[in-house]
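As a plain string of letters, each chain reads:
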Amino acid sequence: MSVIKVENLTVQYAGEEKNALDGVSLEIEKGEFVALLGAHGAGKTTLCLSLNGIVPNMISADMYGAIEVLGEIPPKIPVRQLATKVGSIFDNPEFQMSQLTVFEEVALGLQNLGVEKTTIEKNITESLKLVGLEGFEERSPFEISGGQQQRLAMASALAMKPEILILDEPTSNLDPIGKEEVFSVTRSLNQEEGLTVIIAEHEVEVIAEFADKLILLDEGKINEIGTPQEIFPKFVEHQEDVGVRVPQVTELASKKYELFDSTPVTLDEAVRMYKG
Amino acid sequence: MTDLNVSKLQHTYPNGVVAVNNVNVEIKQGEQVSVVGQNGSGKTTLVKHWNGLLKPTEGNVYVGDLDTMEHSVNVLARKVGYVFQNPNHQIFASSVRDELEFGLINIGLKEDEIKRRVDLISQEFGLVEYLETNPYRLGFSIRKTVGMASIIAMEPDVIVLDEPTTGQDYLGIKAIRLAIKKLKDQGKTVIVVSHDMPLVAEDTDRVLVMCDTELIFDGTPSKLFSDRSILEKTNLLPPQITSFTQKIGISKENESLLSVEDAAKTL
């Protein structure tokens, strides 16, 4: 069952000559883990912001084509209402924090929607548990680590019980521990809770392990859609053209193909496919 | 020639938090050093002592023969350039050209020398077409390049880069790593604070690992990535290629293969 359908989507920001997205068509199935790859300016962020309705509802832009998310048309409903179906996480978690305690931070979105107090408390407890922040309720959002802040941002999104989670470079400002925390929570939300995940991310080694599907964007257009196993081996020779790196083991196997049964994209695959 | 010398360094912030404790380290002119560790381990506090942005609470820091306690950032910055992680903390001029010129005017260079250096550095970093543009109209990654170029233009002996590859895409990272190699060829000391392990492995010869305010490892990347106890203690992950060669058993004890090229040669 597809949860997202985009057809021939074109987005142009005021004053920009080039289209940020240029005739993009794609479909995403329920429960998929989808990674958006591409250089800066390829259109990853604009695609994320179109799916959660921030473009054009809060950041104005001309939009053409068709976009449907869980049966809704994002440009036509308030961002706040869509947030109950589509949770969004950005690269700078501190930016999203405004409250004195972790509890209040998660409560904020729900209160704004006028949700009942008992439901709010239940949702907060559940979502803090999902991201591993139970016991943090009374802490200040500004005095926890970057990885914890990003997980708090995820909890705030999860409290609205969304079916889709969109993450735009969620780990780019985090240290290795923080990155690992965010990736493992994201993965368990996808695998255990069945959330559909769409993530823009540069860490290709992690993406190769987690993602069902890659969408490679280049100058606002879709260059390729496929599994990591289909995409990465194909792009070893074109890393510079598309501005995307391939996993190190994929690059090695392309140089030493005679030593591998097939081209690996993850560390485990590489060990298994290595003939020695 | 500017060697850096840190002895028994302790730094305590005004709120009483000890950020760096008993660090001893000497860095010779021309070394390529990375400083790694989790956020809050003390790495940024340590490197900020090298251009006088921070002064020791206890112990000594020498930049060449200058005791940093006795000299201002202004004097020390001629020897040690510091490139901020976030270019927005550094850039304030209204055009890229003004930004590149600012430091050069500050160190008292003559007009024709300033012009020569701006021309040179803007070509080297691909900034010629943006010289008259306001840096804040440029994307983050080009703005970051401007921040780096403006420091390198001053030609300090030592350049400290704080998280240079954060938020950069493939081509941005490539450009930065190329710039580091060029600086190395010119005999500059390059100190990189980074979580980017392929950069640490391939572009630096020595790694300082900070953990809970202390320097717990000082050695080659090859040795670091085969030292399990340090890696576990600090949650550092070797580059994927290094892990692969370890798993299939082609790396020697206490030595690691650090790049795809190295691995391809050895296989």
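Note on numbering: residues in each chain are counted from 1, in written sequence order. Whichever chain is written first is A, and whichever ligand is written first is 1; the rest continue in order. Totals for whole chains, interfaces and linings use every residue, but because this is a predicted model, local features are given only for residues with pLDDT of at least 70 and side-chain atom pairs only at 80 or more, for both listing and counting.

Details of the overall build of chain A
Just so we agree on the cut-off: The way it works is that DSSP assigns letters per residue, a run of H or I at least four long becomes a helix, a run of E at least two long becomes a strand, and they are numbered from the N terminus. C-alpha atoms define the radius of gyration, and 2.2 Å times the number of residues to the power 0.38 defines the globule rule. Counting other C-beta atoms within 10 Å of a residue's C-beta gives its exposure: the residue is buried at 20 or more, exposed at 12 or fewer, and partly exposed in between, where C-beta atoms are placed from the backbone.
Counting its regular elements, chain A contains 13 helices and nine strands. Relative to the compact-globule value of 19 Å for 276 residues, chain A shows a C-alpha radius of gyration of 19 Å, a close match. Projected onto its principal axes, the C-alpha positions of chain A cover 65 × 45 × 35 Å. Among the 276 residues that make up chain A, the fraction classed as buried is 50%.

Digging into the environment of Val96 of chain B
Quick note on the threshold: By the criterion used throughout, residues are in contact when their C-beta atoms, derived from the backbone, lie within 7 Å.
Residue placement: Val96 of chain B occurs in helix H3 (residues 96–106). In contact with Val96 of chain B, not counting residues within four places along its chain, are Leu127, Tyr130, Leu131, Thr133, Pro135 and Val146 of chain B.

A short note on the interface of chain A and chain B
The partner chain B presents 25 residues to the 30 residues of chain A that form the contact. Put simply, the parts of the chain that give the side of chain A that touches chain B at least two residues each are helix H8 (176–191), helix H11 (239–242), helix H12 (248–255) and helix H13 (267–273) of chain A. It is H12 of chain A that provides the largest number of residues to the side of chain A that touches chain B, a total of five residues.

A few points about the environment of Cys48 of chain A
Residues and elements named next belong to chain A. Tracing the backbone shows Cys48 in helix H1 (residues 44–51). Between the C-alpha atoms of Cys48 and Met63, which are 15 residues apart in sequence, the distance is 14 Å. Excluding residues that lie within four positions of it along the chain, Cys48 makes contacts with Ile166, Asp168, Ile198 and Ala200.

Quick look at the domain arrangement of chain A
Residue and element names in this part refer to chain A. Under the convention used in this document: Just so you know, the domain bounds were taken from an automatic or database domain assignment.
With domains assigned, chain A is organised as domain 1 (2–245) and domain 2 (246–276). One C-alpha centre belongs to domain 1, the other to domain 2, and the line joining them spans 30 Å. The partner domain 2 presents nine residues to the twelve residues of domain 1 that form the contact. Those elements giving two or more residues to the side of domain 1 that touches domain 2 turn out to be helix H9 (204–210) and helix H10 (228–234).

Topic: the sheet that holds strand S8 (residues 189–193) of chain B
Each strand in a sheet pairs with its neighbour through backbone hydrogen bonds, running either in the same direction (parallel) or in the opposite one (antiparallel). Residue and element names in this part refer to chain B. Let me state the cut-off plainly: DSSP bridges decide pairing: two strands pair if at least two such bridges lie between them. Axis definition: a line fitted to C-alpha atoms, limited for helices to the stretch in contact. Angles are taken between N-to-C directions and run from 0 to 180 degrees.
Taking strand neighbours across the sheet as the criterion, the six strands line up as S6-S7-S8-S3-S9-S10 in an open arrangement whose pairing is mixed. Taken across any chain shown, the strands that pair with only one partner, and hence form the sheet edges, are strand S6 (80–83) and strand S10 (214–219). Each strand axis lies, on average, 15° off the axis of its neighbour in the sheet, ignoring direction. Two strands pair when backbone bridges link them, and strand S3 (residues 32–36) and S8 are joined in this way by four bridges, in the parallel orientation.

Focus: the sheet that holds strand S5 (residues 86–89) of chain A
Residue and element names in this part refer to chain A. Strand order in the open sheet formed by six strands is S5-S6-S7-S3-S8-S9, and the pairing between neighbours is mixed. In this open sheet, the two strands that pair with only one neighbour each are S5 and strand S9 (221–226). Sheet twist, expressed as the mean angle between neighbouring strand axes with direction ignored, is 15°. Of the pairings in the sheet, the one linking S5 to strand S6 (residues 164–168) comprises four bridges and is parallel in character. Counted as the bridge partner of Val86 is Ile164 from S6. Taken strand by strand, H1 contacts strand S3 (33–37), S5, S6, strand S7 (196–200) and strand S8 (213–218), and its axis lies near 145° from that of S7. Here helix H7 (residues 146–158) sits on the sheet in contact with S5 and S6, set at roughly 165° to S5.

Thoughts on the nonpolar core
What counts here: The term nonpolar core means buried Ala, Val, Leu, Ile, Met, Phe, Trp, Tyr and Cys residues held together as one set by C-beta atoms within 7 Å.
By size, the foremost hydrophobic cluster in this structure holds 80 residues, and its most contacted members are Leu36, Ala155 and Ile198 of chain A. Per element, the largest residue contribution to this core is six residues, and it comes from H7 of chain A. Core analysis: the next-biggest nonpolar cluster, separate from the first, contains 72 residues, Ala253 of chain A together with Leu9, Ala153 and Val207 of chain B among them.

Some remarks on the pairing of S6 of chain A
Side chains on a regular strand alternate between the two faces of the sheet. Residue and element names in this part refer to chain A. Spelled out, the test is: Looking down the strands as they point away from you, a crossover is right-handed if its path from the first strand over the helix to the second goes clockwise.
The buried count for S6 comes to five of five residues, which makes it a mostly enclosed element. The side-chain alternation of S6 yields two buried faces, one formed by Ile164, Ile166 and Asp168 and the other by Leu165 and Leu167. In this fold, S6 hands off to H8, which returns the chain to S7; that crossover is right-handed.

Concerning the confidence of the model for chain B
Counted only if it meets this: Every residue carries a pLDDT, the predictor's confidence in it, which falls somewhere between 0 and 100.
For chain B, mean pLDDT is 94; residues scoring 70 or higher make up 100% of the total. For this predicted complex, the interface confidence comes out at an ipTM of 0.90, alongside a pTM of 0.91.

Quick look at unusual backbone geometry
Here the bond from Val55 of chain A into Pro56 of chain A is cis, since omega is 5°, no more than 30 degrees from zero. By the secondary structure assignment, Pro56 of chain A is in helix H2 (residues 54–57). One non-glycine residue, Asn8 of chain A, adopts positive backbone phi at about 55°. Positionally, Asn8 of chain A belongs in strand S1 (residues 2–13). Despite not being glycine, Asn254 of chain B has its phi angle at roughly 60°, a positive value. Examined against the element boundaries, Asn254 of chain B turns out to sit in the loop between helix H10 (240–247) and helix H11 (260–266).

Let's talk about the pairing of S8 of chain A
Residue and element names in this part refer to chain A. Counting buried positions over the six residues of S8 gives five, a clear majority of the element. Where S3 lies against S8, four bridges are found, and the strand directions are parallel. Bridging from a neighbouring strand, Ala35 pairs with Leu214 of S8. Direction of pairing for S8 relative to S9: antiparallel, over a ladder of five bridges. The residue of S9 that forms the bridge with Leu214 is Gly226.

A short note on the packing of H3 of chain B against helix H5 (residues 140–152) of chain B
All names here are of chain B. Note the threshold: Each crossing gets its handedness from the near helix: less than a right angle anticlockwise from the far helix is left-handed, clockwise is right-handed. As a working rule, the residues Ala, Val, Leu, Ile, Met, Phe, Trp, Tyr, Cys and Pro are called nonpolar, Asp, Glu, Lys and Arg charged, and the rest polar, with Gly in that last group.
Contact geometry of H3 with H5 gives a least axis separation of 8 Å together with a crossing angle of 35°. Considering the relative orientation of H3 and H5, their crossing is right-handed. Here Val96, Glu99, Leu100, Phe102 and Gly103 of H3 lie close against H5, whose contacting residues are Val146, Ala149, Ser150 and Ile151. Residue classes in the contact of H3 with H5 are distributed as six nonpolar, two polar and one charged.

Some words on helix H6 (residues 117–130) of chain A
Residues and elements named next belong to chain A. Going by this rule: Each helix should span, by expectation, one fewer than its residue count multiplied by 1.5 Å. The arc refers to the directions leading from the helix axis to the C-beta atoms.
Here H6 is 14 residues long and its end C-alpha atoms lie 20 Å apart, about the 20 Å a rise of 1.5 Å per residue gives. Taken together, the buried positions of H6 are occupied by Asn123, Ile124, Ser127, Leu128 and Leu130. Buried residues of H6, seen end-on, are gathered within an arc of 150° and therefore sit on one face of the element. In this structure, the buried side of H6 is in contact with helix H5 (102–112), H7 and H8. Once H6 finishes, Gly132 follows within two positions and takes phi at roughly 75°, a positive value.

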